[in-house]
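Observations on the model geometry
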Amino acid sequence: GIQVEQSPPDLILQEGANSTLRCNFSDSVNNLQWFHQNPWGQLINLFYIPSGTKQNGRLSATTVATERYSLLYISSSQTTDSGVYFCAAGTYKYIFGTGTRLKVLA
Amino acid sequence: EPEVTQTPSHQVTQMGQEVILRCVPISNHLYFYWYRQILGQKVEFLVSFYNNEISEKSEIFDDQFSVERPDGSNFTLKIRSTKLEDSAMYFCAGRTGAALTEAFFGQGTRLTVV
């Protein structure tokens with residue numbers, strides 16, 4: 001089945017810094033989403049982005065489906081951005097990556 | 001914006017007891033899913049459900065698990081005889097189509113088996 005890998009596994013930033021999170025997937029997919037898991041464990045949907053580029057405030061995402069990767073950009077990071085970021089990809093069901101744990105220091 | 005609603009948000013149960021986790025999907029969704037996340041691990045697919053039957057299930061989804069949509073709105077996951085290792089966060093999700101459509105996730109039910 002499809003494999004989804006995320007990098008880096010851990011990231012520590014100073015407030016105000018920018019970061020790029022990467023998601024690689026091993027096979028063609030029709031669906032891809034980025035989630036932020038908050039401290040209460042809820043999955044907050046950031047982007048549905050099977051291809052192309054989207055932006056929402058300080059966050060943006062790009063998926064290059066032909067090359068099987070997606071990137072999540074966080075600009076001017078804030079302490080509230082801390083948490084785990086998951087990429088999920090698939091055709092019918094989602095396969096989740098192992099996540100990137102982000103800590104933003106004040 | 002419509003939401004997928006899960007109840008309860010947290011459930012504590014004794015080992016061997018049956019639990020039912022409930023989900024109310026968005027009304028126009030046709031495809032439904034359950035995922036689980038053991039603490040500190042990644043989110044894993046359990047089962048997908050379409051047209052009142054299971055369309056796919058993972059190795060995790062053994063005979064102690066069952067799903068149904070009894071009244072056309074609620075989508076439930078039943079665990080017949082809970083084990084300690086069933087302790088996890090369980091997420092319900094729904095979408096309008098099988099592919100090229102966004103999945104909407106509920107806020108999760110944290111199940112603790114003691």
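Just above, that's the structure.
First, a word on what this report is: a plain description of the structure on this page.

The rules behind these values
- Residues numbered from 1 in each chain as written.
- Chains lettered and ligands numbered in written order.
- Predicted model: local features only at pLDDT ≥ 70, side-chain atom pairs only at ≥ 80, totals over all residues.
- Heavy atoms only, no water.
- Salt bridge = Lys/Arg side-chain N within 4 Å of Asp/Glu carboxyl O.
- Helix = DSSP H or I, 4+ residues; strand = E, 2+ residues; numbered from the N terminus.
- Buried < 20%, exposed > 50% of the residue type's maximum accessible area, 1.4 Å probe, protein only.
- Contact = heavy atoms within 4.5 Å.
- Pairing = 2+ DSSP bridges.
- Axes fitted to C-alpha atoms, helices over the stretch in contact; angles between N-to-C directions.
- Buried area = accessible area lost by both parts, 1.4 Å probe.
- Polar contact = N/O pair within 3.5 Å; in protein donor to acceptor, adjacent residues only side chain to side chain.
- Core = buried A, V, L, I, M, F, W, Y, C linked by side-chain atoms within 4.5 Å.

On inspection of all chains with the given rule, the structure shows three salt bridges over all chains. For the salt bridge of R58 of chain A with D81 of chain A, the shortest nitrogen-to-oxygen distance reads 2.9 Å. One end of the pair, R58 of chain A, is in the loop between β6 (52-56) and β7 (59-64); the other, D81 of chain A, is in the loop between β8 (69-74) and β9 (83-90), and 23 residues separate them in sequence. Its salt-bridge partner being R36 of chain B, residue E44 of chain B comes within 3.4 Å of it at the nearest N-O pair. Of the residues examined, E44 of chain B reaches a relative accessible area of 23% and is grouped as partly exposed.

This next bit is on the environment of N52 of chain B. Among the secondary structure elements, N52 of chain B is positioned in the loop between β5 (44-50) and β6 (53-57). Once the C-alpha coordinates of N52 of chain B and C23 of chain B are considered, the two residues, 29 residues apart in sequence, prove to be 15 Å apart.

Attention now goes to the environment of L21 of chain B. Residue and element names in this part refer to chain B. For L21, the position within the fold is in strand β3 (residues 19-24). With relative accessibility at 0%, the residue L21 sits in the buried group. Taking C-alpha positions, L21 is 9.3 Å from S9, a pair spaced 12 residues apart along the chain. Once residues lying within four places of it in the same chain are set aside, the contact partners of L21 are T7, Q11, W34, F75, T76, L77, Y90 and T109.

Another point: the sheet that holds strand β7 (residues 65-68) of chain B. Residue and element names in this part refer to chain B. One open sheet holds the four strands; their spatial order is β1-β3-β8-β7, and the pairing between them is antiparallel. Two strands close off the open sheet at either side, each with one partner strand: β1 (5-7) and β7. Along the sheet, successive strands turn relative to each other by an average axial angle of 15°, direction set aside. The sheet contact formed by β3 and strand β8 (residues 75-79) spans five bridges and is antiparallel. For V19, the partnering residue across the bridge sits in β8 and is I79.

The strands making up a sheet associate through backbone hydrogen bonding, with each pair oriented either parallel or antiparallel. Residues and elements named next belong to chain A. The five strands lie next to each other as β1-β3-β8-β7-β6, forming an open sheet whose pairing is antiparallel. Among the strands making up the open sheet, the edge pair consists of β1 (4-7) and β6. Recorded for the sheet is a direction-independent mean angle of 15° between the axes of neighbouring strands. Inspection of the sheet shows strand β3 (residues 19-25) paired to β8 by six bridges, in the antiparallel sense. Bridging from a neighbouring strand, L21 pairs with L72 of β8.

On to the interface of chain B and chain A, then. The partner chain A presents 19 residues to the 20 residues of chain B that form the contact. Roughly 1,700 Å² of surface becomes buried between chain B and chain A when both sides are summed, with 56% attributable to carbon and sulfur atoms. It is K42, E102 and F105 of chain B that lose the most area in chain B upon contact with chain A, and together they represent 26% of the buried surface on that side. At the boundary of chain B with chain A, the tally comes to one salt bridge. Where E56 of chain B meets K93 of chain A, a salt bridge forms, and the shortest distance between an N and an O atom there is 2.6 Å. At the boundary of chain B and chain A, one finds 10 residue pairs in polar contact (both at pLDDT 80 or more).

Grouped together as the largest cluster of nonpolar side chains are 22 residues, with contacts concentrated most on F25, W34 and L72 of chain A. Only β2 (10-14), β3, β4 (31-37), β5 (43-48), β7, β8, β9 and β11 (100-105) of chain A provide two or more residues apiece to this core. Setting aside residues up to four positions removed in sequence, L72 of chain A forms contacts with S19, T20, L21, W34, L46, F47, S60, A61 and Y85 of chain A. Of all hydrophobic cores here, the second largest spans 21 residues; its members include L21, F32, W34 and L46 of chain B.

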